[in-house]
There are 2 protein chains.
Amino acid sequence: MTRTLTRRTTAADVAREAGVSPATVGFVLNRTKGQTISEETRARVLAAVEVLNYKPHHAARALRSGKSKIVLLVLPDWPLEHSLRTNLEALTHTLGDNGYALITFTPQPHSSATPLWAVLEPAVVIGYKPFSAEDLAELKALGIRNIIPNPETPGMGAAADLESGPRLQAEHLLSLGHTKLGFACPPDPRLAAFVKTRLDVVTRVCIRAGLSSPVVRQVDYRDGSGPSAAAHWVAEGVTGVVAYNDDVAADVIAGAVRSGLSVPGDLCVVGHDNSPLASRYIPSISSVEIDMESLGKQSAHLALNLAEGYPMPASPLSAASLVHRESTTHTTRNDSVLRKSPRS
Amino acid sequence: MTRTLTRRTTAADVAREAGVSPATVGFVLNRTKGQTISEETRARVLAAVEVLNYKPHHAARALRSGKSKIVLLVLPDWPLEHSLRTNLEALTHTLGDNGYALITFTPQPHSSATPLWAVLEPAVVIGYKPFSAEDLAELKALGIRNIIPNPETPGMGAAADLESGPRLQAEHLLSLGHTKLGFACPPDPRLAAFVKTRLDVVTRVCIRAGLSSPVVRQVDYRDGSGPSAAAHWVAEGVTGVVAYNDDVAADVIAGAVRSGLSVPGDLCVVGHDNSPLASRYIPSISSVEIDMESLGKQSAHLALNLAEGYPMPASPLSAASLVHRESTTHTTRNDSVLRKSPRS
DNA sequence: CCCAATCACTAGTACGTACTAGTGGTTCTA
DNA sequence: TAGAACCACTAGTACGTACTAGTGATTGGG
């Protein structure tokens with residue numbers, strides 16, 4: 001009579017309770033195609049599941065089928081931006097609605113931890129940056145074939161539009177009459193590739209408009225780079241600065257104000273991501289809003305398509321748009337809120 | 001000769017390659033206690049592992065042993081604060097160094113997704129807020145006994161010190177001579193419990209100093225609450241405001257500036273978390289720094305203790321400290337950077 | 001009315017691991 | 001020199017699921 005410390009409820013228990021074979025339970029629960037089950041039996045099984053509070057054992061399922069209902073998202077170890085977070089939420093939600101769990105995972109460079117993909121038998125692995133050759137080899141060795149982005153299946157990239165954001169930033173400043181632009185980038189070396197992409201776009205816009213290339217400066221709130229960068233830009237005749245993101249934009253503004261300049265009076269600044277900080281700052285920061293929610297949904301559908309051949313929805317071109325705020329507005333009521341501080 | 005689509009390398013393959021039995025491979029790889037293996041055999045097995053690039057199959061291991069090297073951290077669905085992120089990183093790292101993977105997971109309220117704990121066979125489940133009775137029942141039904149915080153093992157709480165932060169905030173303002181305080185809270189209902197805890201602490205400090213209770217106002221950058229709250233506080237004679245965190249502090253400052261007040265001239269503001277925003281803002285925001293890294297490490301050791309009986313290190317009392325910046329500094333050089341805008 | 005096809009199931013196995021019970025062989029003790 | 005103790009291993013099984021092959025019963029066509 002004494003059970004071994006309350007065993008787990010298994011499909012066999014359910015089968016006994018419902019008076020059927022374990023196989024039937026499996027058929028009912030998995031809606032196995034090509035197997036017909038009478039309505040009455042199905043109901044009896046489901047009732048037994050309910051009564052015994054049966055939960056399938058993930059490990060056993062993964063072992064048997066070699067699959068799991070897990071999508072693994074590999075995040076880079078660079079700082080999580082606000083926009084990414086929104087993206088993540090949409091992704092989690094859409095996958096969740098389809099019975100998949102999203103696990104995010106940031107590989108630690110110097111950790112001895114086993115990478116999660118070796119551990120989880122994930123149905124799909126998504127990388128926010130392309131995988132290294134090593135990682136790809138390991139994934140293949142583990143039999144994971146659903147990989148995004150996949151070098152063997154071009155077009156399976158996590159279709160992020162990396163260009164329209166910076167283009168909008170630059171065009172915004174040009175349309176306001178600025179003729180010499182600055183570009184403010186964060187010091188984090190892990191962001192270098194992205195910084196380069198965005199700078200290239202801005203440079204291209206400038207050249208095409210017959211202007212000189214943007215004046216690039218690194219800005220960070222932790223060192224004294226803000227004020228000197230601002231002074232440098234103004235000395236070079238720059239009047240509008242494209243910032244890598246809203247955080248950097250804030251650092252630029254802080255630098256300008258602290259070196260006695262006014263924003264937007266002496267320097268206009270555009271951010272990127274439209275994070276809460278952009279609304280929150282004084283002056284409020286003009287920024288590019290990217291529809292991260294539909295981007296997240298798109299990634300989810302891509303993953304589901306790979307995992308189960310769900311149909312792909314017509315890709316809704318993710319729209320980037322510019323939110324115009326004080327940091328690029330010359331003459332408004334709010335302009336008077338902040339004033340250049342008196343020199344000497 | 002034709003294999004079934006390149007089968008996975010198993011322990012049996014390793015055994016064959018090394019010329020031993022599968023059991024021996026297991027003994028070598030798991031360093032099974034109470035089992036002696038000759039140095040020669042051990043080396044042969046390890047060499048075979050290397051040659052075949054063998055990776056143990058997690059699902060099979062989890063199935064057989066009922067355990068996994070996974071610690072599941074259940075995050076609330078309220079906004080991730082900056083300090084939490086630091087905490088997470090330390091936690092991930094410490095666990096990783098011990099061969100455990102940390103998976104974070106935010107249950108989606110209206111999603112049909114299976115909770116990850118039902119799926120992963122985690123060694124430990126940590127909740128940043130206490131689990132509901134329902135969740136606890138489910139965890140128990142799944143045979144997961146390592147739960148933090150655990151109502152059945154008091155003292156197994158994720159030992160967060162929720163009180164010293166707000167106490168420092170209030171005492172800082174009092175020490176600067178403020179005699180009537182305001183308290184600024186965020187509107188998010190999911191934070192209500194934390195808001196209450198912090199407000200209670202601030203109130204207690206005020207009462208004990210012979211002052212009246214703080215004047216509470218909700219502030220959010222998305223509605224117009226900032227300016228009106230600031231005006232209200234000043235009208236009530238409040239000169240120092242304790243903000244729930246740095247984001248809220250920024251909203252308070254923005255509100256004050258936009259209603260024609262000066263910070264810290266008319267109103268001093270203290271934040272909480274010492275996020276980048278606090279240094280970045282103009283004026284820079286005084287804030288409470290909490291040593292989230294050692295907190296994270298402590299949680300990790302708690303989890304390892306539960307999972308494998310690792311010894312607990314002497315708990316390093318997590319120190320909270322106040323970082324003094326412009327937002328509570330009456331007369332400094334920087335004070336002149338921002339000025340009250342002229343009325344009318 | 002007979003054979004085929006379909007229905008509604010069941011018996012039984014494989015997935016890859018961890019570990020128990022056992023097995024020869026050697027060394028040590030009395 | 002018998003027996004105990006130990007060493008270094010192996011055979012084999014259980015974990016819980018998904019699914020293949022098979023099995024009686026019913027239906028359908030000619």
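Rules behind the numbers
Residues numbered from 1 in each chain as written. Chains lettered and ligands numbered in written order. Predicted model: local features only at pLDDT ≥ 70, side-chain atom pairs only at ≥ 80, totals over all residues. Heavy atoms only, no water. Near = heavy atom within 4 Å. Polar contact = N/O pair within 3.5 Å; in protein donor to acceptor, adjacent residues only side chain to side chain. Helix = DSSP H or I, 4+ residues; strand = E, 2+ residues; numbered from the N terminus. Buried < 20%, exposed > 50% of the residue type's maximum accessible area, 1.4 Å probe, protein only. Contact = heavy atoms within 4.5 Å. Salt bridge = Lys/Arg side-chain N within 4 Å of Asp/Glu carboxyl O. Domains from an automatic or database assignment.

### A look at the protein's contact with DNA strand C
For DNA strand C, the set of nearby residues contains 24 residues, the closest of which are Thr24(A), Thr41(A), Ala11(B), Tyr54(B) and Arg64(B). Expressed as a percentage, the sugar and phosphate content of the atoms of DNA strand C within 4 Å of the protein is 66%. Ser21(A) is positioned with one of its backbone polar atoms (N or O) 2.8 Å from a phosphate oxygen of DNA strand C. Here a phosphate oxygen of DNA strand C and a backbone polar atom of Ala11(B) are 2.6 Å apart. Every element with two or more residues in the surface near DNA strand C is listed here: helix 2 (22–30) and helix 4 (58–65) of chain A together with helix 2 (22–30) and helix 4 (58–65) of chain B.

### Let's talk about helix 1 (residues 11–18) of chain A
Residues and elements named next belong to chain A. Those residues of helix 1 that sit buried are Asp13, Val14, Ala15 and Ala18. Looking at the packing, one finds that the buried side of helix 1 touches helix 2 and helix 3 (39–52). Residue Gly19 follows helix 1 closely and has a positive phi angle near 70°.

### A look at the pattern of salt bridges
On inspection of all chains with the given rule, the structure shows 16 salt bridges over all chains. Two residues, Asp251(B) and Arg280(A), come together in a salt bridge whose shortest N-O distance is 3.0 Å. Placement of the pair is Asp251(B) in helix 11 (residues 246–258) and Arg280(A) in helix 12 (residues 276–280), with the two residues belonging to separate chains. When sorted by exposure, Asp251(B) lands in the same class as Arg280(A), which is buried. Through salt bridges with shared partners, one network takes in Asp247(A), Asp251(A) and Arg280(B).

### Brief notes about the protein's contact with DNA strand D
In the vicinity of DNA strand D lie 25 residues, with Ala11(A), Tyr54(A), Arg64(A), Thr24(B) and Thr41(B) positioned nearest. Within 4 Å of the protein, atoms of DNA strand D come from sugar and phosphate in 65% of cases. Measuring from a phosphate oxygen of DNA strand D, one finds a side-chain N or O atom of Arg61(A) at 2.7 Å. Contributing elements (two or more residues each) for the surface near DNA strand D: helix 2 and helix 4 of chain A together with helix 2 and helix 4 of chain B.

### Brief notes about the domain arrangement of chain A
Taken domain by domain, chain A consists of domain 1 (1–54), domain 2 (61–157 + 292–317) and domain 3 (164–285 + 325–338). Each of domain 1 of chain A and domain 3 of chain A was reduced to a C-alpha centroid, and the two centroids are 63 Å apart.

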